[in-house]
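What follows is the residue order along each chain.
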2 protein chains.
Amino acid sequence: MLDPALLTPGEARSLFRDGLVTPTSGWSAGWTQANLLALPRDRAYDFLLFAQRNPRPCPVLDVTEPGQVAASIFDGDLRTDLPAYRVYENGEQVAEVPDVTAYWRDDLVCFLIGCSFTFEAALLEAGVPVRHLETRTNVPMYRTNRDCRPAGGLSGPMVVSMRPVPAHLVATAVRVTSRYPAVHGAPVHVGDPGALGVRDLDRPDFGEPVEVRAGEIPVFWACGVTPQAAVMRSRPPFAIGHAPGHMAITDVRDTAYLVP
Amino acid sequence: MLDPALLTPGEARSLFRDGLVTPTSGWSAGWTQANLLALPRDRAYDFLLFAQRNPRPCPVLDVTEPGQVAASIFDGDLRTDLPAYRVYENGEQVAEVPDVTAYWRDDLVCFLIGCSFTFEAALLEAGVPVRHLETRTNVPMYRTNRDCRPAGGLSGPMVVSMRPVPAHLVATAVRVTSRYPAVHGAPVHVGDPGALGVRDLDRPDFGEPVEVRAGEIPVFWACGVTPQAAVMRSRPPFAIGHAPGHMAITDVRDTAYLVP
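Counting from 1, residues in each chain are numbered in the order their sequence is written. Chain letters and ligand numbers both follow the written order, the letters beginning at A and the numbers at 1. Local features in this predicted model are restricted to residues whose pLDDT is 70 or higher, and side-chain atom pairs enter the listing and the counts only when it is 80 or higher, whereas totals over whole chains, interfaces and linings include all residues. Side-chain metrics rest on all non-hydrogen atoms present in the structure, leaving aside hydrogens and water.

**Student:** I tried to follow the sheet that holds strand S8 (residues 189-190) of chain B on my own but got confused; where do I start?
**Tutor:** Within a beta sheet, neighbouring strands are joined by backbone hydrogen bonds and run either parallel or antiparallel to one another. Residues and elements named next belong to chain B. By this definition, two strands are paired if DSSP reports at least two bridges between them. Segments assigned H or I by DSSP are reported as helices when at least four residues long, segments assigned E as strands when at least two residues long, and all are numbered from the N terminus. The sheet built from 4 strands is open, its strands ordered S6-S7-S9-S8 with antiparallel pairing. The strands lining the two open edges of the sheet, one partner per strand, are strand S6 (141-147) and S8. One ladder, built from 4 bridges, connects S6 with strand S7 (residues 157-166); its direction is antiparallel. By the bridge assignment, Met141 is partnered in S7 with Ser161.

Next comes the structure, spelled out in structure tokens:
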């Protein structure tokens, strides 16, 4: 197989549509990746307001019309072209599947939310190593003790992703990622997992653990799994999300979201 | 009277509550100013989506719960503490008043949208003169030939504000304002008013004209009157906006919206 980093978004989506299930970190380098949350139209205002009130974990990149299966930044089929999905009923996960066509409803509004995988190419370019890319595993993600600002019927904790960064490169990692606010931007926390309510880095709530080596600091970025944590706590009747780490690869270059 | 630039937001709001009607450019230097749009709850999703799709003219800073008269960034009364308001029925302006208490409805959701007055202190500090501050007039604003992306029942043209900038300072003006994306950020257009569909700079659609002197370039920023232009075109049954240039002065420092 080709190096996944070199695949175009369309090529990557085609593989996922054909059934490949894999985390997408490192895929289609230079292209923006996105979290998915699909909610019935009558819950859409609550979520859009939740996102407005919590822009660090929930930077909205695109919103579909009800029932629409493509988006302006995603020229594919949102029901099939992500590697894996989670389906929720009343906040309980009822399925994890590679295709949600069977669960689709015509009143679903899809929200595409920025993903920190987008700035990983820029981190590598700046000389900041990314451990879960080296190990070819999913990024570790944690529920924190920080509650989001609620909106309508939605509330929940902020979820973060973690990357271990050598101490002398923490400032570089902050500087590089702060230029990508639409894909979570600068870290929300550097070091001291306990202050975030994260008890054991080796037991992430989503994704897989990575080693934090001597001389490395765990650095935490807000994560687009936060909407699904809100679904789990707030229990709307129905929702679909991507499986954490298994993202929508969009047709927008990462540089489109770069700020000066 | 004190220099308006030195008033705290609370002091300025108190004067407006007591009946003072004035454009707010130059007031409470260092504090964020905001456009107001109040719509009934059943139109709120359409507008929030319109704003998400048109972030340059419509950067949302805060959204109230229905009927609420204060906001998290505005510790005053949104019905009385702006200098002037416009009231719309079916897209027609039916009143311009200094107080909208008589028009208030319990289902109104207030959207506070970033205003370019916020970055004028930074422009002055960088040595970029601001003509309408020198002349103590309202900023000139124009409807353009650029349509916003529609959302639900809302569509309309982008409105811009214009400041004449000496040619050698245009780059500085771009650089300074691009650091404030939440209050419209970098210009959307530099020079050539005709390309925006602006025929006569001396006849703005809102505010007052200013002189463009020899050696100066008209520089255009997206403007938070855009939501009211959408109301005028799309004709929702009811809406309230600020009178253009007569803004909500918030309790948030301008530096809170500064990006690196």
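**Student:** Help me out: how do you make sense of the relation of the copies chain B and chain A in this one?
**Tutor:** Between the two copies of this chain, the relationship is a rotation about some axis together with a displacement along it. Turning chain B through 180° and shifting it by 0.0 Å along the axis lays it on chain A, with an RMSD of 0.0 Å. Within this description, the copies of the chain are treated as partners about a two-fold rotation axis. Judged by C-alpha distance, Tyr45 of chain B is the residue of chain B that lies nearest the rotation axis, at 2.5 Å. Mapped onto chain A, 100% of the interface residues of chain B are again interface residues, and the two copies thus contact each other with one and the same surface. Here the copies are matched by least squares. The fit uses the C-alpha atoms of residues with pLDDT of at least 70 in both. Two residues form a contact once any of their heavy atoms are found within 4.5 Å.

**Student:** It is not clear to me how helix H2 (residues 44-53) of chain B should be interpreted in this structure. Could you clarify?
**Tutor:** Because an α-helix packs 3.6 residues into every turn, residues spaced three or four apart end up facing the same way. Burial classes: relative accessible area under 20% of the type maximum marks a residue as buried, over 50% as exposed, and values in between as partly exposed (1.4 Å probe, protein chains only). Burial of H2 of chain B is extensive: 10 of the 10 residues sit out of reach of the surface. Residues of H2 of chain B that are buried: Ala44, Tyr45, Asp46, Phe47, Leu48, Leu49, Phe50, Ala51, Gln52 and Arg53 of chain B.

**Student:** What is the right way to read the environment of Leu36 of chain A from this model?
**Tutor:** All names here are of chain A. Along the chain, Leu36 falls in strand S1 (residues 31-40). Given the relative accessible area of 3%, Leu36 is considered buried. Each C-alpha atom of the pair Leu36 and Phe111 lies 5.8 Å from the other, and the pair is 75 residues apart in sequence. Sequence-distant contacts of Leu36, that is, excluding residues within four places in its chain, are made with Leu78, Leu82, Tyr85, Cys110, Phe111, Leu112, Gln228, Ile240, Gly241 and His242.

**Student:** I would appreciate a short explanation of the sheet that holds strand S9 (residues 216-222) of chain A in the present structure.
**Tutor:** Residues and elements named next belong to chain A. If you walk across this open sheet you meet the 4 strands as S6-S7-S9-S8, and the pairing is antiparallel. At either margin of the open sheet sits one strand with a lone partner, and together these are strand S6 (141-147) and strand S8 (189-190). For S8 and S9, the ladder comprises 2 bridges, and the chain directions are antiparallel. Bridge pairing links His189 to Phe220 in S9. Note on method: axes are straight lines fitted to C-alpha atoms, helices fitted across the in-contact stretch only, with angles between N-to-C directions ranging 0 to 180 degrees. Of the strands in this sheet, strand S7 (157-166), S8 and S9 are in contact with helix H5 (residues 170-177), which crosses S9 at around 15°.

**Student:** It is not clear to me how the interface of chain B and chain A should be interpreted in this structure. Could you clarify?
**Tutor:** As a measure of interface size, the accessible area lost when the parts come together is often cited. Facing 20 residues of chain B, the contacting portion of chain A comprises 20 residues. Here's the idea: put two parts together, see how much 1.4 Å probe accessible area each one loses, and the total over both is what we call buried area. When the two sides are added together, the surface that chain B and chain A hide from each other amounts to roughly 1600 Å², 53% of it contributed by carbon and sulfur. Looking only at chain B, the three residues that lose the most surface to chain A are Tyr45, Leu48 and Gln52 of chain B, adding up to 37% of its buried area. Counted as salt bridges are all cases of a side-chain nitrogen of Lys or Arg within 4 Å of a carboxyl oxygen of Asp or Glu. At the junction of chain B with chain A, the criterion picks out 2 salt bridges. The salt bridge involving Arg53 of chain A is made with Glu65 of chain B; its shortest N-O contact spans 2.9 Å. N or O atoms closer than or at 3.5 Å make up a polar contact, with two conditions inside protein: a donor-capable atom paired with an acceptor-capable one, and, for residues adjacent in sequence, both atoms drawn from side chains. Across the chain B-chain A interface, the total number found is 6 residue pairs in polar contact (both at pLDDT 80 or more). The set of elements that each furnish at least two residues to the side of chain B that touches chain A consists of H2, strand S2 (60-63) and strand S5 (108-114) of chain B. Among the elements that make up the side of chain B that touches chain A, the one with the highest residue count is H2 of chain B (7 residues). Here the residues of the side of chain B that touches chain A sort into 10 nonpolar, 4 polar and 6 charged. Each residue is assigned to one of three groups, with Ala, Val, Leu, Ile, Met, Phe, Trp, Tyr, Cys and Pro labelled nonpolar, Asp, Glu, Lys and Arg labelled charged, and all others, Gly among them, labelled polar.

**Student:** Where do I start with the environment of Pro150 of chain A in this structure?
**Tutor:** Residue and element names in this part refer to chain A. Residue placement: Pro150 occurs in the loop between S6 and S7. In this structure Pro150 comes out as partly exposed when scored by relative accessible area, which is 48%. Apart from the residues lying within four places of it in its own chain, the contact partners of Pro150 are Phe50, Arg53 and Ser155.

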